[in-house]
Amino acid sequence: MLFWPWHYEQPLDEGLQLTRVTLATIAEKTGLSKFAVSRALSGKSGVSEETRRLVQSVAADLGYLRPVPDSTSNVLGIVFHDTDLVNSELQVLVQSGFQSEAARRGYQARMLWAHLPDEVEAFARTCAGVSMVGPHLKESKYRVKELGIPLSLNGWIDPLERFDMVHGTDHESGAAVANYLIGLGHRRIVYVQGSANYRGRIERLYGLREVVEQHPDVELRQLTFDSEKMFMSCLSELLDDGFHPTAFFCAHDGLALTAMSELMGMGYKIPHDATVIGFGDFSAATQITPNLTTVKTQGQEIGVGLARILDDRIHQRINPGVPVRLMLCSHLVERQSSGPAPAHARRPKAPLGA
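Residues numbered from 1 in each chain as written. Predicted model: local features only at pLDDT ≥ 70, side-chain atom pairs only at ≥ 80, totals over all residues. Heavy atoms only, no water.

*Asks:* Quick question: what am I supposed to make of the packing of helix H1 (residues 23-30) against helix H3 (residues 49-62) here?
*Replies:* Between two packed helices, both the angle of their axes relative to each other and the distance between the axes serve to describe the pair. Packing of H1 against H3 leaves a shortest axis separation of 10 Å and a crossing angle of 120 degrees. As H1 packs across H3, the resulting crossing turns out to be right-handed. Contacts from Thr25, Ile26, Lys29 and Thr30 of H1 reach H3 at Leu54, Val55, Val58, Ala59 and Leu62. Residue composition of the contact of H1 with H3, grouped by class: six nonpolar, two polar and one charged. (Axes fitted to C-alpha atoms, helices over the stretch in contact; angles between N-to-C directions. Helix = DSSP H or I, 4+ residues; strand = E, 2+ residues; numbered from the N terminus. Left-handed = near helix turned anticlockwise from the far one by under 90°. Contact = heavy atoms within 4.5 Å. Nonpolar A, V, L, I, M, F, W, Y, C, P; charged D, E, K, R; others polar.)

Now the structure itself:
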């Protein structure tokens, strides 16, 4: 069923004559064509910013709410990038939050795992609003935007790009971990980045480095590696260079498990000889001994936020000319893998690779 707003065409003392507000109503009030009004309200190109602001202002004064087609009016969709396997556990949490919030607001929730623009666009056409999670192509995002339906993202975009986005506090998290480690007395810190292709990992590094640079006595090194060059090989290069770290901040819990396993294999005691911190607070964080200190991402709340923005856009509770950024604060979960810096940095019990 469509929900139509109404306004009074006559003063109350002349009786209640209710009139449906349509694109034609707005076109008559503004002196524009229905085509121009439609493009202005949907955020599409082809009209000036001045015209867009005029149409939005008149629409708001009349109490106009953009109707959605009957076949899609109660469906919110979410598209997960199907090759983003690193974040699969996070995606489960996002999905759960999205589904529960959609249901709470009276919608059906539909899911799709895909990344090809044609697949994403075809799915979006069946929904009243769509969320996209992961490193989707710019083409996919703009194809959905051109449909004129609400779109919310959990993924990285260009600076000031006009999309609604829900995300965590990657930069702040890196800074918080730096403060935590420095407070424990650590002065030789390694950022275990793994692949350098993930924007969130880069933001965490920026936050970490921002704090470290304020402490001249603290030294920070990066470990970037892939299937060709693994953690042990990179760490060996650092040790050969005379850098003996006491703390490892890992850009993902999976990397932290690798670091802990390799370090303990070299004879390190965690956290007596080295502190290891992860990111994500996924299930494995409490399945390893010692339990992993990590930064918890708010996956469930990210899903809730994505659905809320879609509903607010559908009912025009948000200024249509202003994209929003919803930031959900992570927090540090302190467990047994972190502790004070040792008085003397431990050397490996044997040369690496021996």
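There's more to say after this.
*Asks:* For this particular structure, what's the right way to read the packing of aromatic side chains?
*Replies:* The relation between two aromatic rings is expressed through the spacing of the ring centres and the mutual angle of the planes. Counting across every chain of the model gives five aromatic pairs. Pairing Phe231 with Phe248 gives two aromatic rings, centres 6.4 Å apart and planes at 55 degrees, and the pair type is tilted. Linking Phe231 in helix H9 (residues 231-240) with Phe248 in strand E10 (residues 247-250), this pair joins segments that are 17 residues apart in sequence. The rings of Phe225, Phe231 and Phe248 are connected pair by pair, giving a single aromatic cluster. Over the aromatic face of Phe163 sits the side chain of Lys145, whose NZ or CZ is 5.1 Å from the ring centroid. (Phe/Tyr/Trp six-rings, centres within 6.5 Å; stacked < 30°, edge-to-face > 60°. Lys NZ or Arg CZ within 6 Å of the ring centre and 35° of its normal.)

*Asks:* Help me out: how do you make sense of the sheet that holds strand E14 (residues 331-333) in this one?
*Replies:* Strand-to-strand pairing in sheets goes through backbone hydrogen bonds, with the strands running parallel or antiparallel. Taking strand neighbours across the sheet as the criterion, the six strands line up as E9-E8-E10-E11-E12-E14 in an open arrangement whose pairing is mixed. Every interior strand has two partners, whereas the edge strands, strand E9 (219-224) and E14, have only one. Strand-to-strand, the axes of this sheet are offset by a mean angle of 20 degrees, without reference to chain direction. Bridge count between strand E12 (residues 293-296) and E14: three bridges; the pairing is antiparallel. Paired with Thr294 across the bridge in E14 is Val333. On top of the sheet, helix H8 (residues 199-212) reaches strand E8 (188-194), E9, E10 and strand E11 (275-280); it is set at about 170 degrees to E8, its chief contact. Together, E8, E10, E11 and E12 form the strand contacts of helix H10 (residues 253-265), whose direction differs from that of E11 by roughly 160 degrees. (Pairing = 2+ DSSP bridges.)

*Asks:* How do you make sense of the sheet that holds strand E13 (residues 325-328) when you look at a structure like this?
*Replies:* Taken together, the six strands give an open sheet; going across it, the order is E4-E3-E5-E6-E7-E13, and neighbouring strands pair in parallel fashion. Each edge of the open sheet carries a strand with a single partner, namely strand E4 (108-113) and E13. Taking the axes of each pair of neighbouring strands and ignoring which way they run, one obtains an average angle of 20 degrees across the sheet. By the bridge criterion, two bridges tie strand E6 (residues 151-154) to strand E7 (residues 164-168) in an arrangement that is parallel. Across the sheet, the residue bridging to Ser152 is Asp164, located in E7.

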